2 protein chains.
Amino acid sequence: MKEIGVGLVGFGTVGAGVVEGLQRNGALLAERQGVKLRLAKVADLDLERDRGVQVNPGMMTRDAMAAVEDPAVQIVVELIGGVRAARDVILRALELGKPVVTANKALLAEQGAELFQRAAERLTHIHFEASVAGGVPIIRALRDGLAANRIRSVYGILNGTCNYILTRMDRDHVTFEHALKEAQAAGYAEADPALDIDGVDTAHKAAILAGLSYGVFVPMAAVHVEGIRGIAKADIENARALGYRVKLLAVVKEAAGAIEVRVHPTLIPAEQMLASVGGVFNAILVDGDLTGPTAYYGRGAGRLPTASAVLSDLADAARLVALGKRPAMWPERRADAARVRDIGSVEARYYLRVSLLDRPGVLGRLAGVLGQHDISIASVVQKEAHAGKHVPVVIVTHVAREAHMQVALEAIDAMAEVGARTVRLRIEDMEHERKA
Amino acid sequence: MKEIGVGLVGFGTVGAGVVEGLQRNGALLAERQGVKLRLAKVADLDLERDRGVQVNPGMMTRDAMAAVEDPAVQIVVELIGGVRAARDVILRALELGKPVVTANKALLAEQGAELFQRAAERLTHIHFEASVAGGVPIIRALRDGLAANRIRSVYGILNGTCNYILTRMDRDHVTFEHALKEAQAAGYAEADPALDIDGVDTAHKAAILAGLSYGVFVPMAAVHVEGIRGIAKADIENARALGYRVKLLAVVKEAAGAIEVRVHPTLIPAEQMLASVGGVFNAILVDGDLTGPTAYYGRGAGRLPTASAVLSDLADAARLVALGKRPAMWPERRADAARVRDIGSVEARYYLRVSLLDRPGVLGRLAGVLGQHDISIASVVQKEAHAGKHVPVVIVTHVAREAHMQVALEAIDAMAEVGARTVRLRIEDMEHERKA
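These numbers come from a predicted model, not from an experiment.

A.B. asks: Got a minute to help me understand the packing of helix H6 (residues 160-172) of chain A against helix H7 (residues 176-185) of chain A in this structure?
C.D. replies: Two packed helices can be described by the angle between their axes and the distance between those axes. Residue and element names in this part refer to chain A. Between H6 and H7, the shortest axis-to-axis distance is 9 Å and the interhelical angle comes to 130°. Classed by the angle they form, the pair H6 and H7 counts as oblique. For the element pair H6 and H7, the recorded crossing hand is right-handed. For the pair H6 and H7, contact is made by Tyr164, Ile165, Arg168 and Met169 and by Phe176, His178, Ala179, Leu180, Glu182 and Ala183, respectively. Per-class residue counts for the contact of H6 with H7 are seven nonpolar, one polar and two charged.

And the structure:
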């Protein structure tokens, strides 16, 4: 398998996440994509700090240009942020015909026109999935998946800091100042939070989404921006009473031949999916003329989600460098029967509705049958009482094994006190999501 | 620009949608992707029926193989459905080295192993974005966007018929039989609804998502499938009382080295995003080890959403045929200043919180100022009363123009009876979404 050398410029939070992701999933990515990524050079001003990942010291340099120019580096990942130095790094890489992967929304929004023109002249590419909505592949969705659609509108919650603050104000009735301090303590907001809370970061991302949606560069001066500093608890509460939630929303649409690109705090109907997006999560609602509304949701920032986007771009760039195109990605292996779990060994919580004779001791017998099969009860509700008749009893269990449940249900339905066949449904708590 | 000839086999609902999408947005797609799609041949047993789109009669044939073999056809779109005839069409196209675009989940789930192997032998591709979740680019998200992630789990609401029925039962308290009849009357369910309501269609899609997530073919026999025929109103209501919603859920996960692929009615926590997916919409929650939870939402079926997916695949296939790779898709045009709408001409509904002196006639003066600026009031709420003091008055307006609002606000804040500066927020109703 071909190996492609990667030069990482900027070894901060996301840079360390890229190294960790590559170390953890590099072999899997290579198997899926048919080309192997190899870290060749890492540049950062700070060579000492512990980032929680191991990098061969001989690979590290304080000289960004040395990493870009190193012949072992075939793709350059720019993660230093800011505009001036990042621009120099990217222009030098393009000059050398090396594709660039970047998460730098400020630079793309402000100088994308020049950079993409330079890339085209040098017959290479700039990849920027990580610039908007972190781990959510919204750039690919707009560029590829929805390519056949005229985009009617894009609505985005694109800044986790602002959404965290507004969610806290809404759910916990704290003031803006209180929520901001909390966000700073939790690491969700910078010491100087202006770029986030004044809407500038969201505006950069809105300009990028507008560019993809309508095929034009939107200069930042044409984007109307209002932040969330002025939002009072009273407004959040009034909005809620009116059936709305307040979100910092990026609005991109085309109407009557003109494009609108604006960012401002906005009342969104509470039943709208975007209204339920809480905390540091991002979401984008894209309305295409063929698809109708489609939505995309996930963590918009952070070390590993952003690294996921950078790595997907690296894989794209590497395929172009190595193969000139992408291989089909469909399984080439058949599932070994042993690797697909039989339903009997699957574990879940269960909802049971048992038609049970309302007579003393019967519920105890039912619980006994479940217990014999290693099934423990989390809750029981019997709403009606009709002594001597069958009544519905709703039981929620703790985690149990399907095979045990099947045998238990046979035993239950064979009980003289059970009327109709017991209804059994599984519960999925999706814990990773609820914790998030 | 290169032109690529397309052969369409199957001119039913989705086929007609593809033709309509191509006629409507073909030029836009060509501009975005750098290659032009040209309809070369259309095959269907019925040459007479009016599909609501115009096709040159000389292009039509009843002979599917003639369309596949026609030298003007460089990519074959298979939309006849079913397994046997579709399989023959696809194998013949692959034999000729022509890439195939298909929406046929049954065929892919049951015989994908053989078909993809044949495609690899013939150095061509099968594209299948339309096979799962219609217009939602979930195949691309799993294959490309999340390529660097180990997939921890995929939860999907993948069948619009079932979700429509369950949503009606939940929101309108009707029985399963009633909701099914309604779905049939509305065209959301077939006369013979078995494939949908018994979970088979969802299982086909689950097997495809499992294949992409874990790189193995999952035989249908290994997929545990339960449908929604047995669901009673009582269960939906019990679930709601317990804080859950009932959905037909596809569950794909890897745990302890084995894959789980199952489809069954499931209780989902009400606060979970998937729980709020109503009607014929589809949604997929993918948990990657780097991204954490991400979600994808949209119309999972229908003429134009499915056509959008087919056309995105056609563009991919055409780029491979014409260019051997994809061009960068980033705007090459600068936004003409006139094309970006100035915020002053943007229209929206507004929320205003005015600090107003509680004295007879003052509210009338306020309404008068708004009226002078073409702003009409939809509702006014004044909760507190403190005669002679300032109280918050919350006003929601009808659609108004920003420039008018700005002037009106200046006038309002200059009123002697107005205390603190008026708070102004915009309301986005996202009507396309609420109607859906």
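A.B. asks: Explanation requested: the confidence of the model for chain A in the structure shown.
C.D. replies: Interpreting fine coordinate detail is not advised for predicted regions of low pLDDT. Residue and element names in this part refer to chain A. With 94% of its residues at a pLDDT of at least 70, chain A reaches an overall mean of 91. Throughout residues 325-329 the model reports pLDDT below 50, and contacts reaching past four residues in sequence, or to other chains, amount to 18 contacts. Across residues 432-436 the pLDDT falls below 50, and counting only partners more than four positions away or on other chains, this stretch makes 15 contacts in the model. ipTM for the predicted complex: 0.89, alongside a pTM of 0.90.

A.B. asks: Looking at this model, I keep getting lost on the interface of chain A and chain B. Mind explaining?
C.D. replies: Much of the literature gives interface size as the accessible area that the parts lose upon coming together. Counting from both sides, the interface comprises 130 residues of chain A and, opposite them, 130 residues of chain B. In total, chain A and chain B occlude about 11,500 Å² of area from one another, counting both sides; carbon and sulfur atoms represent 58% of this. The tally of links between chain A and chain B comes to 12 salt bridges. A:Glu428 is the partner of B:Arg262 in a salt bridge, and the nearest nitrogen-oxygen pair spans 3.2 Å. Our count for the contact surface shared by chain A and chain B stands at 45 residue pairs in polar contact (both at pLDDT 80 or more). Counting residues per element, the side of chain A that touches chain B draws most heavily on strand E11 (residues 258-269) of chain A, at 10 residues. The residue inventory of the side of chain A that touches chain B, partitioned by class, reads 69 nonpolar, 26 polar and 35 charged. The pairing of strand E19 (residues 423-427) of chain A with strand E11 (residues 258-269) of chain B spans two bridges and is classified as parallel. Bridge pairing links A:Arg426 to B:Thr266 in E11(B).

A.B. asks: Any chance you could explain the sheet that holds strand E3 (residues 60-61) of chain B here in plain terms?
C.D. replies: All names here are of chain B. Read across the open sheet, the six strands follow the order E3-E2-E1-E4-E5-E6; overall the sheet is parallel. Two strands close off the open sheet at either side, each with one partner strand: E3 and strand E6 (126-127). Taken together, the two bridges between strand E2 (residues 36-43) and E3 define a ladder with parallel strand orientation. The partner of Ala43 across the bridge, within E3, is Thr61. Across the sheet, helix H3 (residues 84-95) is in contact with strand E1 (3-9), strand E4 (75-78), strand E5 (100-102) and E6; its angle to E4 comes to roughly 170°.

A.B. asks: Which parts of the structure should I look at to understand the pattern of salt bridges?
C.D. replies: Side chains bearing opposite charge may pair, as long as their charged atoms lie close to each other. Under the counting rule described, the total for this entry stands at 68 salt bridges over all chains. Residue A:Arg353 is joined to B:Asp235 by a salt bridge in which the shortest nitrogen-to-oxygen separation is 2.4 Å. Within this pair, whereas A:Arg353 is found in strand E15 (residues 347-357), its partner B:Asp235 is found in helix H10 (residues 233-241), the two belonging to separate chains. A salt bridge links B:Glu129 to B:Arg140, with the shortest nitrogen-to-oxygen separation between them at 2.9 Å. Here B:Arg140 lies in helix H5 (residues 138-145) and B:Glu129 lies in the loop between E6 and H5, a separation of 11 residues in the sequence. Residue classification places B:Arg140 among the buried residues on the basis of a relative accessible area of 6%. Three or more residues are tied together by salt bridges with common partners; here these are A:Glu129, A:Arg140, A:Arg143, A:Asp144, A:Asp313, A:Asp316 and A:Arg319.

A.B. asks: Would you mind going over unusual backbone geometry with me for this structure?
C.D. replies: A negative phi angle characterises most non-glycine residues, just as the trans form characterises most peptide bonds. Residues and elements named next belong to chain A. Non-glycine residue His173 carries a positive phi angle of around 60°. Mapped onto the elements of the fold, His173 is located in the loop between H6 and H7. The partly exposed category is assigned to His173, whose relative accessible area is 42%.

A.B. asks: What should I look at first to understand the packing of H6(A) against helix H10 (residues 233-241) of chain A in this one?
C.D. replies: All names here are of chain A. Where H6 meets H10, the axes come as close as 9 Å, and the angle between the chain directions of the two elements is 70°. It follows that H6 is roughly perpendicular to H10 by the angle criterion. Seen from above, H6 lies across H10 with right-handed handedness. Along its contact with H6, which presents Leu166, Met169 and Asp170, the element H10 presents Lys233, Ile236 and Arg240. Split into classes, the residues belonging to the contact of H6 with H10 amount to three nonpolar, no polar and three charged.

A.B. asks: How should I be thinking about the side chain of B:Arg349 in this particular structure?
C.D. replies: Position of B:Arg349 among the secondary structure elements: in strand E15 (residues 347-357). Classification of B:Arg349 as buried rests on a relative accessible area of 19%. There is a polar contact of 2.7 Å between the side chain of B:Arg349 and the side chain of A:Tyr244.

What counts and how
- Residues numbered from 1 in each chain as written.
- Chains lettered and ligands numbered in written order.
- Predicted model: local features only at pLDDT ≥ 70, side-chain atom pairs only at ≥ 80, totals over all residues.
- Heavy atoms only, no water.
- Axes fitted to C-alpha atoms, helices over the stretch in contact; angles between N-to-C directions.
- Helix = DSSP H or I, 4+ residues; strand = E, 2+ residues; numbered from the N terminus.
- Parallel < 35°, antiparallel > 145°, perpendicular 65-115°, else oblique.
- Left-handed = near helix turned anticlockwise from the far one by under 90°.
- Contact = heavy atoms within 4.5 Å.
- Nonpolar A, V, L, I, M, F, W, Y, C, P; charged D, E, K, R; others polar.
- pLDDT = per-residue confidence, 0-100.
- Buried area = accessible area lost by both parts, 1.4 Å probe.
- Salt bridge = Lys/Arg side-chain N within 4 Å of Asp/Glu carboxyl O.
- Polar contact = N/O pair within 3.5 Å; in protein donor to acceptor, adjacent residues only side chain to side chain.
- Pairing = 2+ DSSP bridges.
- Buried < 20%, exposed > 50% of the residue type's maximum accessible area, 1.4 Å probe, protein only.

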